[in-house]
Amino acid sequence: VTARRVALALVHYPVLDREGGIITTAVTNLDVHDISRSARAYALEAVFIVHPVAAQRELVDRLRSHWTDGGGARRIPDRKDALSLVRIVSSYEAALAELAGGGQAPEVWTTAARAHGTVEAYGALRERLAAPGRPVLLLFGTGWGLPPELQAGADVRIAPIVGADPWNHLSVRAACAITLDRLLGAWS
Ligand code: SAM
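What counts and what doesn't
Residues numbered from 1 in each chain as written. Predicted model: local features only at pLDDT ≥ 70, side-chain atom pairs only at ≥ 80, totals over all residues. Heavy atoms only, no water. Pairing = 2+ DSSP bridges. Helix = DSSP H or I, 4+ residues; strand = E, 2+ residues; numbered from the N terminus. Contact = heavy atoms within 4.5 Å. Axes fitted to C-alpha atoms, helices over the stretch in contact; angles between N-to-C directions. Near = heavy atom within 4 Å. Polar contact = N/O pair within 3.5 Å; in protein donor to acceptor, adjacent residues only side chain to side chain. Areas by Shrake-Rupley, 256 points an atom, 1.4 Å probe, with all protein chains shown as cover. Nonpolar A, V, L, I, M, F, W, Y, C, P; charged D, E, K, R; others polar.

1. Description of the sheet that holds strand β8 (residues 156-157)
Thought 1: Taken in spatial order, the six strands make up an open sheet running β5-β4-β1-β7-β6-β8, and their pairing is parallel. The strands lining the two open edges of the sheet, one partner per strand, are β5 (86-89) and β8.
Thought 2: Across four bridges, strand β6 (residues 107-110) lies against strand β7 (residues 136-141) in parallel orientation. Each residue of the ladder has a partner; that of glutamate 107, found in β7, is valine 136.
Thought 3: Along the sheet face, helix α2 (residues 54-68) touches β4 (47-50) and β5 and points at about 165° away from the line of β5.
Thought 4: Contacting β1 (6-11), β6 and β7, helix α8 (residues 172-184) runs over the sheet at an angle of about 155° to β7.

2. Some points on the site of the ligand
Thought 1: Looking at the ligand, there are 16 residues lining it, with Thr111, Gly141, Ile161, Asn168 and Val172 nearest.
Thought 2: Contact between the ligand and glycine 143: a nitrogen atom at 3.1 Å from a main-chain N or O atom of the residue.
Thought 3: Out of a free accessible area of 560 Å², the ligand has 83% covered by protein chains.
Thought 4: The residue inventory of the shell around the ligand, partitioned by class, reads nine nonpolar, seven polar and no charged.

Written as structure tokens, this is what we have:
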């Protein structure tokens, strides 16, 4: 439940590689489908797929239109609701601008498997979303996660999801679903 506009961005650049360098990852179709369905289930306003390479953005556009206007939409209409949330942009700054839409500048909330700087707990953030405020753009990374400088500049660094032991290699799909449920799920 939220009193604020909430969207998410799946970032393919800048993201980290195994050595901590900055890379651009390729879009994974499964990410687009899975994350769009999670976003639809929690009534997010939009799913921004961020990619600097035009050919990759076109790939996502073809995927989206197959499921919103093409054969997929006819066969599985529910999928249409999810994929219709997809917005394709070249940078996360473009996602921020599109979400602002001439109104208030959104807050950037980052996610990560390891804390970079001060992090905020899900409970407090859940309360913040229940009260009126600026729009929120949740950033999820690919590869080995969002770069420290991107996290340092965020308004909020969401605390890492911690499982039962230090093994912590959730897929971005799983991390996204857990994050959305903790922030917006109707449970208590
Ligand atoms: N390489 C695997 C993959 O491709 O799914 C795992 C890395 S995954 C892309 C990294 C992203 O998933 C992070 O930028 C963050 O958005 C999310 N993530 C992964 N583990 C997380 C955790 N324990 N808590 C919060 N977010 C997590």
